[in-house]
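Report on the structure
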Amino acid sequence: MPELPEVEVIRRDLEKEIVGKKIKKVEVRNTKNAMRAIRRHKRRKEFEDALAGLKITKIDRRGKYILTHLNGKILVSHLGMSGQLSLTKASAPQENHTHVVIHFTIGGQLRFVDPRTFGEMFVTEKGELGEVKELQNLGIDPLEQALTWQYFSKTLEEKKTKLKALLMDQKFICGLGNIYSDEILFAAGLRFDHPSNELSSQEVRRLYRAIQEILQEAIRFRGTSADDEQYKDLYGALGEFQTQLKVYQREGQPCRRCRTPVERARWSNRSTFFCPQCQV
DNA sequence: GTTTAACCCTGCACGC
DNA sequence: TGCGTGCAGGGTTAAA
């Protein structure tokens with residue numbers, strides 16, 4: 001499932017590929033799930049007409065949201081669990097669960113494919129972006145300069161919650177999901193259920209550094225394609241960070257550091273993977 | 001304030 | 001072979 005690194009890889013590729021292009025027309029499939037994909041719009045036509053004829057000027061990212069800037073408008077996309085943006089020729093066969101197709105004037109298409117329909121797309125006026133609640137609530141992006149050591153350690157101290165809950169809390173820092181929070185906690189040598197306000201300053205520092213390092217590495221490897229729902233980039237290629245995973249989905253396999261079998265715990269309706277020896 | 005569970009959904013693995 | 005069941009997960013919301 002796409003988390004910050006995957007979304008950032010897609011953002012960078014979109015920036016390279018579609019900035020400057022003009023949208024000829026947009027097609028939303030006439031299916032229940034396609035309507036679910038654009039659920040903030042009452043009618044397909046409203047979404048389609050909002051984008052037709054506009055030129056793409058910039059691609060931004062906030063947490064796991066991709067913001068495609070057009071003249072006066074912004075197309076907001078969230079890939080949910082199984083969403084994929086795919087850049088193809090118009091002649092390429094259409095995959096199952098393709099909900100939205102954006103046609104460019106110079107040819108080629110951007111398709112939104114999402115089997116589990118947790119993802120969505122919507123169009124907003126540029127001036128109204130600040131009113132989108134989900135974006136308002138997002139915390140600091142961990143790759144931005146604004147995530148300072150001071151803010152990070154102060155929040156950990158104040159929150160008094162389990163570390164994994166905090167890492168996955170999009171209102172604190174945005175973009176981390178199940179895979180990267182597990183990998184970050186392993187890299188920092190901390191357990192998922194360690195109380196956030198009971199860390200030494202050295203441990204806080206390790207965690208802070210692990211966030212930056214794991215995310216940068218994952219972007220360098222073009223994201224993780226670990227699950228049955230394999231993440232694919234804009235061109236349909238898989239990421240390669242799964243070869244680097246230390247604990248995620250490695251239950252029963254020896255820890256890469258100490259050989260102790262990796263354990264899996266059920267926490268808050270999610271699986272969490274950790275080394276009982278290396279993480280305290 | 002924090003934690004848990006349910007909800008939305010589909011594909012897949014599994015057992016019978 | 002085929003059916004039913006459980007599970008996976010992101011984000012939100014309601015309840016505990």
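Just so we're clear, the structure is a prediction, and the values are computed from it rather than from any experiment. (Residues numbered from 1 in each chain as written. Chains lettered and ligands numbered in written order. Predicted model: local features only at pLDDT ≥ 70, side-chain atom pairs only at ≥ 80, totals over all residues. Heavy atoms only, no water.)

1. A closer look at the protein's contact with DNA strand B
In the vicinity of DNA strand B there are 11 residues, among which Asn33, His97, Pro115, Lys159 and Thr161 approach most closely. When atoms of DNA strand B within 4 Å of the protein are split into backbone and base, the sugar-phosphate part holds 72%. Within the side chain of Asn33, a nitrogen or oxygen atom sits 2.6 Å from a phosphate oxygen of DNA strand B. At 2.3 Å, a side-chain N or O of His97 approaches a phosphate oxygen of DNA strand B. (Near = heavy atom within 4 Å. Polar contact = N/O pair within 3.5 Å; in protein donor to acceptor, adjacent residues only side chain to side chain.)

2. Here's the deal with the sheet that holds strand S7 (residues 109-113)
In space, the 4 strands of this open sheet follow the order S1-S6-S7-S5, with antiparallel pairing throughout. At either margin of the open sheet sits one strand with a lone partner, and together these are strand S1 (23-28) and strand S5 (84-88). Averaged over all adjacent pairs, the angle separating strand axes in this sheet is 15°, with direction ignored. Relative to S5, helix H1 (residues 4-18) is tilted by about 25°, and along the sheet it contacts S5, strand S6 (98-104) and S7. (Pairing = 2+ DSSP bridges. Helix = DSSP H or I, 4+ residues; strand = E, 2+ residues; numbered from the N terminus. Axes fitted to C-alpha atoms, helices over the stretch in contact; angles between N-to-C directions. Contact = heavy atoms within 4.5 Å.)

3. Comments concerning the sheet that holds strand S4 (residues 73-78)
An order of S2-S3-S4-S8 is seen for the 4 strands of this open sheet, with the pairing classed as antiparallel. Two strands close off the open sheet at either side, each with one partner strand: strand S2 (56-62) and strand S8 (120-125). Across the sheet, the mean angle separating the axes of adjacent strands is 20° when strand polarity is ignored. Sheet analysis places S2 next to strand S3 (residues 65-70), joined by 6 bridges and oriented antiparallel. Within S3, the position partnered with Ile56 by the bridge is Leu70. Those strands touched by H1 are S2 and S3, and its axis lies near 170° from that of S2. Contacts from helix H3 (residues 44-51) reach S3, S4 and S8 within the one sheet, and its direction differs from that of S8 by about 60°.

4. What about the domain arrangement of chain A?
As far as domains go, chain A holds domain 1 (4-130) and domain 2 (149-274). Just the C-alpha atoms count here: the centres of domain 1 and domain 2 sit 28 Å apart. On the side of domain 2, 20 residues touch domain 1, which itself brings 21 residues to the contact. Where domain 1 abuts domain 2, roughly 1,700 Å² becomes buried across the two surfaces, and 61% of that area is made up of carbon and sulfur atoms. Looking at the side of domain 1 facing domain 2, the largest losses of area belong to Pro5, Glu6 and Val9, adding up to 30% of the total buried there. If you look at where domain 1 meets domain 2, you find 1 salt bridge. Ionic pairing is found between Arg222 and Asp13, a salt bridge with its closest N-O pair at 2.5 Å. If you look at where domain 1 meets domain 2, you find 7 residue pairs in polar contact (both at pLDDT 80 or more). For the side of domain 1 that touches domain 2, the elements supplying multiple residues, two or more each, are H1 and S5. The leading source of residues in the side of domain 1 that touches domain 2 is H1, at 11 residues. (Domains from an automatic or database assignment. Buried area = accessible area lost by both parts, 1.4 Å probe. Salt bridge = Lys/Arg side-chain N within 4 Å of Asp/Glu carboxyl O.)

5. Some thoughts on the protein's contact with DNA strand C
Taken together, 18 residues form the shell around DNA strand C, and within it Lys64, Met81, Glu134, Arg266 and Arg270 come nearest. Each atom of DNA strand C within 4 Å of the protein was assigned to sugar, phosphate or base; sugar and phosphate come to 49%. Between DNA strand C and Asn178 there is a distance of 3.3 Å, counted from a phosphate oxygen to a side-chain nitrogen or oxygen. Side-chain polar atom of Tyr248 to a phosphate oxygen of DNA strand C: 3.4 Å apart, as the coordinates give it. Listing elements by their share of the surface near DNA strand C, those giving two or more residues are helix H4 (133-136), strand S9 (263-267) and strand S10 (270-274).

6. With respect to the environment of Met81
By the element assignment, Met81 lies in the loop between S4 and S5. Taking C-alpha positions, Met81 is 31 Å from Ile106, a pair spaced 25 residues apart along the chain. In this view, Met81 contacts Met1, Pro2, Arg116 and Phe118; residues no more than four positions away in its chain are not counted.

7. Brief notes about the nonpolar core
Across soluble globular proteins, nonpolar side chains have a tendency to be buried as a group. Counting residues in each nonpolar core, the largest one holds 40 residues, and the members touching the most others are Phe152, Leu156, Leu167, Tyr180, Ile184 and Leu207. Of all the elements in the fold, those that place two or more residues in this core are helix H5 (149-159), helix H6 (163-167), helix H7 (178-188), helix H8 (201-220), S9 and S10. Top contributing element to this core by residue count: H8, with 8 residues. Setting aside its immediate chain neighbours within four residues, Leu167 contacts Ile173, Leu176, Ser181, Ile184, Leu185, Leu207 and Ile211. With 34 residues, the next largest nonpolar core counts Leu4, Val26, Ile56 and Phe112 among its residues. (Core = buried A, V, L, I, M, F, W, Y, C linked by side-chain atoms within 4.5 Å. Buried < 20%, exposed > 50% of the residue type's maximum accessible area, 1.4 Å probe, protein only.)

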